[in-house]
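# Summary of the model geometry
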Amino acid sequence: MNIFSFVKPKNELENSDDTKQNVPFVPEEMWTRCPKCNTMLLTTDMEENLNVCTGCNHHFRMSAAQRVELLADEGSFCEHDASLAGGNILDFPGYDQKLEKARKNAKESVICGECLMGGVRTVLCVMDADFMMGSMGTATGEKITRAFELATERRLPVVAVTVSGGARMQEGILSLMQMAKTSGAVKRHSDAGLLYITVLTDPTTGGVTASFAMEGDIILAEPDTLVAFAGPRVIEQTMRQKLPKDFQTSEFVLQKGFIDAVVNRQSLKPTLIKLLKLHGCREEKK
Amino acid sequence: MTAYEKVTAARDVKKPTAVDYIANMFGDSFIELHGDRRFADDKAIVAGLAMLYDTPVTVIGIEKGRNTKERVERNFGQAQPEGYRKALRLMKQAEKFRRPVLCLVDTSGAYPGIGAEERGQGQAIAENLMEMMALKTPVLTILIGEGGSGGALALAVADEVWMMENAVYSVISPEGCASILWKDSAKAPEAAEALKMTAQDLFDLGVVERIIRQPKTEDKAMFESLKLLISRTLTKNLSLDPDVLTEQRYKRFRRIGTGHLIT
């Protein structure tokens, strides 16, 4: 044995073609880059932290199912009108295909039902960004309207979590009509002396902002959420106006006086429970 | 006429605007009232009181202006939050005095500008929708030109909605729709067709109750017959119990489009 053979241990792979295939394999989905602070986050850590960046408190989007899990007491959520869906009423070109694609994830852009929140029976509506960017079609409006009608009849509070690109243009005027319909249902619930809390999440825009999102007795929003009627792109394109920094974020809208509070995701459920109890909503006996 | 030709006709600057309708139907009886009592007076919305034969009414119109100077002054008929708040103030006032409300809508949409957003454009529209649905006095809305999205709907939660034969009413402009969906605003004519935004389409969808023949500015007789029609409808609704009236209004919107849902 030659002493020089110990200078550098021979790596069998060093000169082989297999090198590339033998580097440890890191699946892409293990890591998530925070778009705000650029930190690489271990996806499992981030999910454990309710999809919030551990570095800069950036709130990532959540699916509707995750939202329900976050807010409803474990196992208490009972979905209503789960099978209710709309069709291509106007025979709008390409809408059938879009619907079909979207329906792989969910039936419609909102999940409605009842649940216990800290033991308090509550009607919960959660919009779903994965379904055509949470756009409001006829079925969306119908589900929300029914949720409010049920809450009015049974004298229950409503919590609505919004995320939406606005009215769904493929349903034309009928999607616009949902703004009036849902607002009417909110009004009746309100006139019955019942509590309605909205939670605005990123992004809440267009026809949803101009209807039930802004009609809560109490309006909360997650940090750094886009809250707008006309979104930044619309303003820049049509008005050719340069937008100020942080324009239309929840913090900005708070400062302008249009929402009650910006609440971190971690404190969202405790805040909602506190508000429900401040309005005399009682825990159900177990 | 194709759908896009109707869009063009609805935008025609020579057709009568809200102030023309007011002048022709109410003449000297109209007295304009200004301001939202919170921030400003929005000139895109012209509002006030008038005599409809022997019934006092509240009239609220979106005004685009009849020449360049007026159009600039009226912000091209694009209302800001204070405009919608002025409208709501006068509707609540109408409710107090049990006066019927007539809304004349002609707008490409609510103003999408920085100031409007800062002052809560979405909140202002949302509040109008909510309050109009429960307003305990008759409300009649006529679309006299463009009915642009939420900015038009904010004055159109009514017992009945009528449309001029060449008016359009849509969730988005055909140009906006074409540029979002097909990245090409030149495809607006196709979008106009697909959106079903003409008076006939909307009548078929149950969104409007009546299609009205478009009067020309100097056509006194046609304005007179429109005035008669308005009076009959508002008088009939004024005789209803307010709770019945608001129940009917809710059901009107509750019904639209639900026939097509799959459960």
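Residues numbered from 1 in each chain as written. Chains lettered and ligands numbered in written order. Predicted model: local features only at pLDDT ≥ 70, side-chain atom pairs only at ≥ 80, totals over all residues. Heavy atoms only, no water.

## Overview of the overall build of chain A
When helices and strands are counted, chain A shows 10 helices and nine strands. Taking 2.2 N^0.38 as the reference for a compact globule, 286 residues should give roughly 19 Å; the C-alpha atoms of chain A span a radius of gyration of 24 Å, well beyond that estimate. Referenced to the eigenvectors of the C-alpha coordinate spread, the extents of chain A come out at roughly 95 × 50 × 40 Å. In chain A, which comprises 286 residues, the proportion classed as buried is 54%. Sequence-distant contacts in chain A: of pairs separated by 6 or more residues, those separated by 24 or more amount to 68%. Of the roughly 13900 Å² of accessible surface on chain A, a fraction of 51% belongs to carbon and sulfur atoms. For chain A, the distance from the average site of its 33 positive side-chain charges to the average site of its 37 negative ones is 4 Å. (Helix = DSSP H or I, 4+ residues; strand = E, 2+ residues; numbered from the N terminus. Rg over C-alpha atoms; globule rule 2.2 N^0.38 Å. Buried < 20%, exposed > 50% of the residue type's maximum accessible area, 1.4 Å probe, protein only. Contact = heavy atoms within 4.5 Å. Areas by Shrake-Rupley, 256 points an atom, 1.4 Å probe, with all protein chains shown as cover. Lys, Arg positive; Asp, Glu negative; His and termini not counted. Charge placed at Lys NZ, Arg CZ, Asp CG, Glu CD.)

## Some points on the nonpolar core
Counting 134 residues, the largest nonpolar core has B:F26, B:I60, B:Y169 and B:I230 as the members making the most contacts within it. Looking at this core, the element that brings in the most residues is helix α6 (residues 172-191) of chain A, giving eight residues. Judged by nonpolar contacts, the second largest core, of 26 residues, contains A:A64, A:L124, A:L272 and A:L275. (Core = buried A, V, L, I, M, F, W, Y, C linked by side-chain atoms within 4.5 Å.)

## Concerning the domain arrangement of chain A
Residue and element names in this part refer to chain A. Here the domain parsing of chain A yields domain 1 (19-60) and domain 2 (62-278). If you average the C-alpha positions of domain 1 and of domain 2, the two centres end up 28 Å apart. Both sides of the domain 1 and domain 2 interface together cover about 770 Å² of buried area, and 45% of this is carbon and sulfur. Scanning the region where domain 1 abuts domain 2 turns up one salt bridge. The shortest N-O distance in the salt bridge between K36 and D224 comes to 3.6 Å. Seen at the junction of domain 1 and domain 2, the total is six residue pairs in polar contact (both at pLDDT 80 or more). Residue composition of the side of domain 1 that touches domain 2, grouped by class: three nonpolar, five polar and one charged. (Domains from an automatic or database assignment. Buried area = accessible area lost by both parts, 1.4 Å probe. Salt bridge = Lys/Arg side-chain N within 4 Å of Asp/Glu carboxyl O. Polar contact = N/O pair within 3.5 Å; in protein donor to acceptor, adjacent residues only side chain to side chain. Nonpolar A, V, L, I, M, F, W, Y, C, P; charged D, E, K, R; others polar.)

## Description of the interface of chain B and chain A
Contact residues are listed per partner, giving 50 residues for chain B and 58 residues for chain A. For the pairing of chain B and chain A, the buried interface totals around 4400 Å² over both sides, and the portion due to carbon and sulfur atoms is 73%. There are four salt bridges connecting chain B and chain A. A salt bridge links B:E247 to A:R188, with the nearest nitrogen and oxygen atoms 2.6 Å apart. Taken together, the links from chain B to chain A amount to 11 residue pairs in polar contact (both at pLDDT 80 or more). Looking at the side of chain B that touches chain A, the elements that each hand over two or more residues are α5 (114-118), α6 (121-133), α7 (149-153), β7 (168-170), α8 (174-182), α9 (188-195) and α12 (242-255) of chain B. A per-element tally of the side of chain B that touches chain A places α6(B) first, with nine residues. A per-class count over the side of chain B that touches chain A returns 29 nonpolar, 13 polar and eight charged.

## Some remarks on the pattern of salt bridges
Applying the stated criterion across every chain yields a total of 38 salt bridges over all chains. Among the salt bridges present, the one from A:E114 reaches A:R154, with a minimum N-O distance of 2.8 Å. Taken together, the residues A:E114 in strand β4 (residues 110-117) and A:R154 in the loop between α5 (138-153) and β6 (158-164) connect sequence positions 40 residues apart. Through salt bridges with shared partners, a single network forms among A:D81, A:E142, A:R146, A:E149, A:K181 and B:R254.

## Notes on the packing of α8(B) against α9(B)
Helix packing geometry: the angle between the two helix axes and the distance between the axes. Residue and element names in this part refer to chain B. For the pair α8 and α9, interaxial distance at closest approach is 8 Å and the crossing angle is 105 degrees. By the angle between their directions, the pair α8 and α9 is classed as roughly perpendicular. Of α9, the residues touching α8 (which contributes P174, E175, C177, A178 and W182) are A188, E190, A191, A192 and L195. Looking at the contact of α8 with α9 residue by residue, the class counts come to eight nonpolar, no polar and two charged. (Axes fitted to C-alpha atoms, helices over the stretch in contact; angles between N-to-C directions. Parallel < 35°, antiparallel > 145°, perpendicular 65-115°, else oblique.)

## Details of unusual backbone geometry
Here the bond from A:D202 into A:P203 is cis, since omega is -10 degrees, no more than 30 degrees from zero. Look at B:R98: it is not a glycine, yet its phi comes out positive at around 50 degrees. The topology assignment puts B:R98 in the loop between α4 (81-96) and β4 (101-107).

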